[in-house]
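Commentary on secondary and tertiary structure
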Number of protein chains: 2
Amino acid sequence: MTQSTAQKTERTDPEHKAHVLTLPLEETQTDRQPHHYERWLVAKLMRMAGSPPLRFRLWNGDVIEPEGQEARFVLRLTDPKALYTLVANPNLAFGDLYSAGRLEVEGELPDLMETLYRSVHAARQKWPRWLDALWRNHNPRSTGISEARENIHHHYDLGNEFYQLWLDRAEMQYTCAYYEQPDLTLEQAQLAKLEHVCRKLRLKPGMTVVEAGCGWGGLARYMARHYGVKVHSYNISREQLAYARAEARRQELDHLIDYVEDDYRNIEGQYDAFVSIGMLEHVGKENYPALAELIKRSLKPGGMALLHSIGRNRPMLMNAWIEKRIFPGAYPPSIGEFIEICEQGDFSVLDVENLRLHYAQTLTHWMERFNENQDTVSEMYDEHFTRAWRMYLAGSIAAFRAGSLQLFQVVFTHGTNNDLPQNRKDLYTRPAAPENV
Amino acid sequence: MTQSTAQKTERTDPEHKAHVLTLPLEETQTDRQPHHYERWLVAKLMRMAGSPPLRFRLWNGDVIEPEGQEARFVLRLTDPKALYTLVANPNLAFGDLYSAGRLEVEGELPDLMETLYRSVHAARQKWPRWLDALWRNHNPRSTGISEARENIHHHYDLGNEFYQLWLDRAEMQYTCAYYEQPDLTLEQAQLAKLEHVCRKLRLKPGMTVVEAGCGWGGLARYMARHYGVKVHSYNISREQLAYARAEARRQELDHLIDYVEDDYRNIEGQYDAFVSIGMLEHVGKENYPALAELIKRSLKPGGMALLHSIGRNRPMLMNAWIEKRIFPGAYPPSIGEFIEICEQGDFSVLDVENLRLHYAQTLTHWMERFNENQDTVSEMYDEHFTRAWRMYLAGSIAAFRAGSLQLFQVVFTHGTNNDLPQNRKDLYTRPAAPENV
């Protein structure tokens, strides 16, 4: 692996590079013998992480085996400084070192990460206080109106061509798909997700929908196409909106869809449905009361709301590396914090569904395509970027598999609304996924 | 209406009478002219309650009309003292005065109560502080192990013959039914509820289930009969357990069911499923962390848990009259407090369903049968008791219709469990209700 500093394509502007850490690799590489306290540090690190089944290979080739078990994975550290960086703050350093090629992995990356998640989660209960304080994640950065613009630009404006390399070819969905059957293709599962959401909202022709955070606009187009509703979709990612508008025109749906380049906080009017797929993660806990107020004033008396978001079983900060390098400002709410939004708005929660393992499968499909296109990605950006994104995808697969992340769809309505479906049977009367995509 | 003090049947023991308020009616009855400030008080009361469409008829026949609208109901007060009692604390006094026959209603009682619930809920936002403090509900009494016994005895040991007069004849279910179709009979809907719960728990033959609070044992028998599982059901109501055991023997299911007369807190062992239908309302908020711990230790690694309970959209104390006269110690949790149990146990919430309007319909069916049998009830107890229970049923219908109460079914599992159903389609593949009951 080489450390490229040259710009390989126009996409590699300074801003896009800013979010991957560039360490002076040459200065830290060494073949020297590890000190005995360095070996002790590795052993200590393994114990603190719950003794996962992995072998460490140090910079000079020395090997440290796991205690009392077969190793399933090998972690290779290229230099002594990488070890110190890792020990000081594994949450942040693991991804950084991997991205920089100073930590190499033998074995399937998602499997290793899942093993680590499970092992650390179980071990954490017994950590001494000082370690819990040291290895903690940081508070997410601000998600105020102006900072939100930067946060979103950082990730979602990386370039539509980049996301097209590995997202589904049906509607460019960058959120959890719905694997109604385990063997669906990514395209089928993403369309099934859109259908499932529409059914939960009980859409009928002529209704009006407002969408907070629309990505490349696929849900709005699906709703307009299949349910004949009028959609107002808000987004602050300019690259995504350009795509969304062009695609709506191409599909001759632009008379039904208004893609608005504005912050969700500026939503106006009243609608039959309020929907937000994968935006709550970027809203920030401090803005939940305002979000509750916003939904309350935007929803007609008989209207239905659906929030779809990554979440947690209990409150926990976002992994430091993900918040710092991948998703600035991100905070997935615990299910309790999620529900608090509904309580604050005096809403009635009608339906909660957890699609956790569906997200693991979605990410697995994404990662397969990402890996198939990794040379192209490295040409568009550089090797560091490619490794960072591989780690992000693998780590996310692992987090959903290990139960560190959840995916909640929550349907709610005004507390005074009695125009409710009799039951949820209508969500399941016919397949949600199309047969051939 | 007469104030009976004689014991009409063996059922009317002093304890059972203790929970209905006996006011010295004769002393307060009067025909005197109302003072002008008494008329002012009534008008004020109406405004504070959000000006609902009801007419007051005072003890001497004087009428006070609602402001600017047609009256849909008439409230008749038999004596001046009733007015003062009502104004001082409507939450408690409305039910007491109705039970004592000192407040009479013209119009459908559930409709009146729904109108009042909606009107007061909307008006409350504008109440002055002093009124909010005056008209508040009280904290529920203790639900410690010994007090819980008294609380449960007070209500559930009223006598199986009494409950048989108006509950379903299929499995004596005293919890929300599931109206898969709106025109189901009470019997069909209660059996559909049991089936729906079993499906949500994904029961398979040979599994073991523990049930906290089993009523007359219908769920345990249904599970044993239809799913071939082994059930341990806990209850502290002796009358209910006697019925449950006799019925299990009669159905030759006693080899599969162990009805345990003990507090749920003493549950031991590990099971494939943990279920509790309509007990959480009696658990008390202060005991939620212990309940979370209990479920955590009682559930096998791949086990499923389901809690079914009355709840709220946001935290609120139980209506004072219901807590004092009907359900001592009762506190329906808000959905957030409900979910907190799952967070405390490090569980993963899989599914939440709100069956609010199903409970309104269940109660409507109960009330129809109760009214058909009201003479029998009055003979078993007395007229005061009958009126109190009519108010309880009507008020409950109203509370569910107006959205003041909700009914949540929450399914969850250990956060580490990956043995999850692909989706919820299997809950809906065939009708849950039997065709002929």
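Definitions and limits used
- Residues numbered from 1 in each chain as written.
- Chains lettered and ligands numbered in written order.
- Predicted model: local features only at pLDDT ≥ 70, side-chain atom pairs only at ≥ 80, totals over all residues.
- Heavy atoms only, no water.
- Least-squares fit on C-alpha atoms with pLDDT ≥ 70 in both.
- Contact = heavy atoms within 4.5 Å.
- Helix = DSSP H or I, 4+ residues; strand = E, 2+ residues; numbered from the N terminus.
- Expected span 1.5 Å × (residues − 1).
- Buried < 20%, exposed > 50% of the residue type's maximum accessible area, 1.4 Å probe, protein only.
- Arc of directions from axis to C-beta.
- Patch = residues over 30% accessible without salt bridge, like charges linked within 9 Å, V, L, I, M, F, W, Y side chains within 5 Å.
- Areas by Shrake-Rupley, 256 points an atom, 1.4 Å probe, with all protein chains shown as cover.
- Salt bridge = Lys/Arg side-chain N within 4 Å of Asp/Glu carboxyl O.
- Pairing = 2+ DSSP bridges.
- Right-handed = clockwise from strand over helix to strand, strands pointing away.
- Domains from an automatic or database assignment.
- Buried area = accessible area lost by both parts, 1.4 Å probe.
- Polar contact = N/O pair within 3.5 Å; in protein donor to acceptor, adjacent residues only side chain to side chain.
- Nonpolar A, V, L, I, M, F, W, Y, C, P; charged D, E, K, R; others polar.
- pLDDT = per-residue confidence, 0-100.
- UniProt positions renumbered as here; feature names shortened; annotations may be inferred.
- Axes fitted to C-alpha atoms, helices over the stretch in contact; angles between N-to-C directions.
- Parallel < 35°, antiparallel > 145°, perpendicular 65-115°, else oblique.
- Left-handed = near helix turned anticlockwise from the far one by under 90°.

As a further point, take the relation of the copies chain A and chain B. Once chain A has been moved 0.0 Å along the axis and rotated by 180°, it coincides with chain B to within an RMSD of 0.0 Å. What the rotation and shift describe, once combined, is the action of a two-fold rotation axis. Within chain A, Val352 of chain A has its C-alpha nearest the rotation axis, a separation of 2.4 Å. The residues that chain A uses at the interface reappear at the interface of chain B in 100% of cases, marking a shared surface.

This paragraph deals with unusual backbone geometry. Phi at Glu252 of chain A is positive, roughly 55°, even though this residue is not glycine. Secondary-structure assignment places Glu252 of chain A in the loop between helix H12 (238-250) and strand E7 (257-261).

The subject of this paragraph is helix H3 (residues 36-48) of chain A. Residue and element names in this part refer to chain A. The end-to-end C-alpha separation of H3 is 18 Å, in line with the 18 Å expected for 13 residues at 1.5 Å each. Here H3 has its buried residues at Glu38, Leu41, Val42, Leu45, Met46 and Met48. All buried residues of H3 fall inside an arc of 165° around its axis, so they share one side. In this structure, the buried side of H3 is in contact with strand E1 (54-57), strand E2 (63-64), helix H4 (80-88), helix H5 (90-99), helix H6 (109-124) and helix H7 (129-134). Downstream of H3 by one or two residues, Gly50 has phi in the positive range, about 85°.

Before going further, it helps to spend a moment on a nonpolar patch on the surface. There is a patch of nonpolar side chains on the surface, built from Tyr37, Trp40 and Tyr84 of chain A and spanning about 340 Å² of accessible area. Given a relative accessible area of 34%, Tyr84 of chain A falls into the partly exposed group.

Residues and elements named next belong to chain B. In terms of burial, strand E8 (residues 271-277) is a largely internal element, seven of the seven residues being buried. Here six bridges tie E8 to strand E9 (residues 299-311), and the two strands are oriented parallel to one another. Bridge pairing in E9 links Tyr271 to Leu299. Since E8 and E9 lie parallel, the crossover through helix H13 (residues 288-298) that links them has a hand, and here it is right-handed.

So, about the sheet that holds strand E4 (residues 103-106) of chain A. All names here are of chain A. Sheet architecture is open: four strands sit in the order E2-E1-E3-E4, paired in mixed fashion. A single partner strand is all that each edge strand has here, and the edge strands are E2 and E4. Two elements, strand E3 (residues 73-77) and E4, share four bridges in a ladder whose sense is antiparallel. Pairing of Val74 across the sheet is with Glu106, part of E4.

All right, on to the domain arrangement of chain A then. Residue and element names in this part refer to chain A. We note that the domain assignment places domain 1 (30-77 + 79-134) and domain 2 (145-427) within chain A. Taken over C-alpha atoms, the centre of domain 1 sits 34 Å from the centre of domain 2. Across the contact, 18 residues belong to domain 1 and 19 residues belong to domain 2. Looking only at domain 1, the three residues that lose the most surface to domain 2 are Tyr98, Ser99 and Tyr117, adding up to 33% of its buried area. Across the domain 1-domain 2 interface, the total number found is four salt bridges. For Arg401, the salt bridge is made with Asp111, and the minimal N-O distance between the two is 3.1 Å. For the pair domain 1 and domain 2, the number of links is ten residue pairs in polar contact (both at pLDDT 80 or more). At the level of secondary structure, the elements contributing two or more residues to the side of domain 1 that touches domain 2 comprise H5, E4 and H6. Of the residues belonging to the side of domain 1 that touches domain 2, the class tally is nine nonpolar, four polar and five charged.

Along the chain, the position of His358 of chain B falls in helix H16 (residues 356-372). A distance of 2.9 Å separates a polar side-chain atom of His358 of chain B from the backbone nitrogen of Tyr179 of chain B.

With 48 residues of chain A at the contact, the number on the chain B side is 48 residues. Between chain A and chain B lies a buried interface of about 3,800 Å² when both sides are counted; carbon and sulfur atoms form 41% of it. In terms of surface lost to chain B, no three residues of chain A exceed Glu343, Gln422 and Arg424 of chain A, which account for 18% of the buried area on that side. On inspection of chain A and its partner chain B, the count reaches six salt bridges. Residues Glu353 of chain A and Arg424 of chain B are paired through a salt bridge, measuring 3.8 Å at the closest nitrogen-oxygen approach. Taken together, the connections running from chain A to chain B amount to 37 residue pairs in polar contact (both at pLDDT 80 or more). Among the elements that take part in the side of chain A that touches chain B, strand E10 (residues 347-354) of chain A stands out by supplying eight residues, more than any other.

Residues and elements named next belong to chain A. For chain A, the average pLDDT comes to 91, and 93% of its residues sit at 70 or higher. Of the regions scoring below 50 in pLDDT, residues 1-27 engages in 52 contacts with residues more than four places distant in sequence or in other chains. As a predicted assembly, this complex carries a pTM of 0.92 together with an ipTM value of 0.92.

In summary, the side chains of a regular strand alternate between the two faces of the sheet. Residue and element names in this part refer to chain A. Relative to E7, strand E6 (residues 230-235) is paired through five bridges, and the arrangement is parallel. Paired with Asn235 across the strands is Glu261, a residue of E7. Handedness of the crossover joining E6 and E7 through H12: right-handed.

With that out of the way, let us pick up the environment of Leu41 of chain B. Along the polypeptide, Leu41 of chain B turns up in helix H3 (residues 36-48). Setting aside residues up to four positions removed in sequence, Leu41 of chain B forms contacts with Tyr84 and Val87 of chain B.

With numbering aligned to this structure, UniProt lists the feature "domain: DUF7884" (unreviewed entry) at residues 43-121 of chain A. The straight-line gap between the two end C-alpha atoms of residues 43-121 of chain A is 18 Å; of that span, 48% is helix and 19% is strand.

Residues and elements named next belong to chain B. Strand order in this open sheet of four strands is E2-E1-E3-E4, and the pairing throughout is mixed. Here the strands that pair on one side only, and so sit at the sheet edges, are strand E2 (63-64) and strand E4 (103-106). Lying on the sheet, helix H6 (residues 109-124) is in contact with strand E1 (54-57), strand E3 (73-77) and E4; it crosses E3 at an angle near 95°.

Next up on the list: the packing of helix H10 (residues 186-200) of chain B against H16 of chain B. Residues and elements named next belong to chain B. Packing of H10 against H16 brings their axes to within 10 Å, and their N-to-C directions diverge by 140°. Viewed along their axes, H10 and H16 adopt a mutual orientation that is oblique. In this structure, the crossing between H10 and H16 has a hand that is left-handed. For the pair formed by H10 and H16, the contact residues are Leu186, Glu187 and Gln190 on the first element and Thr362, His365, Trp366 and Arg369 on the second.

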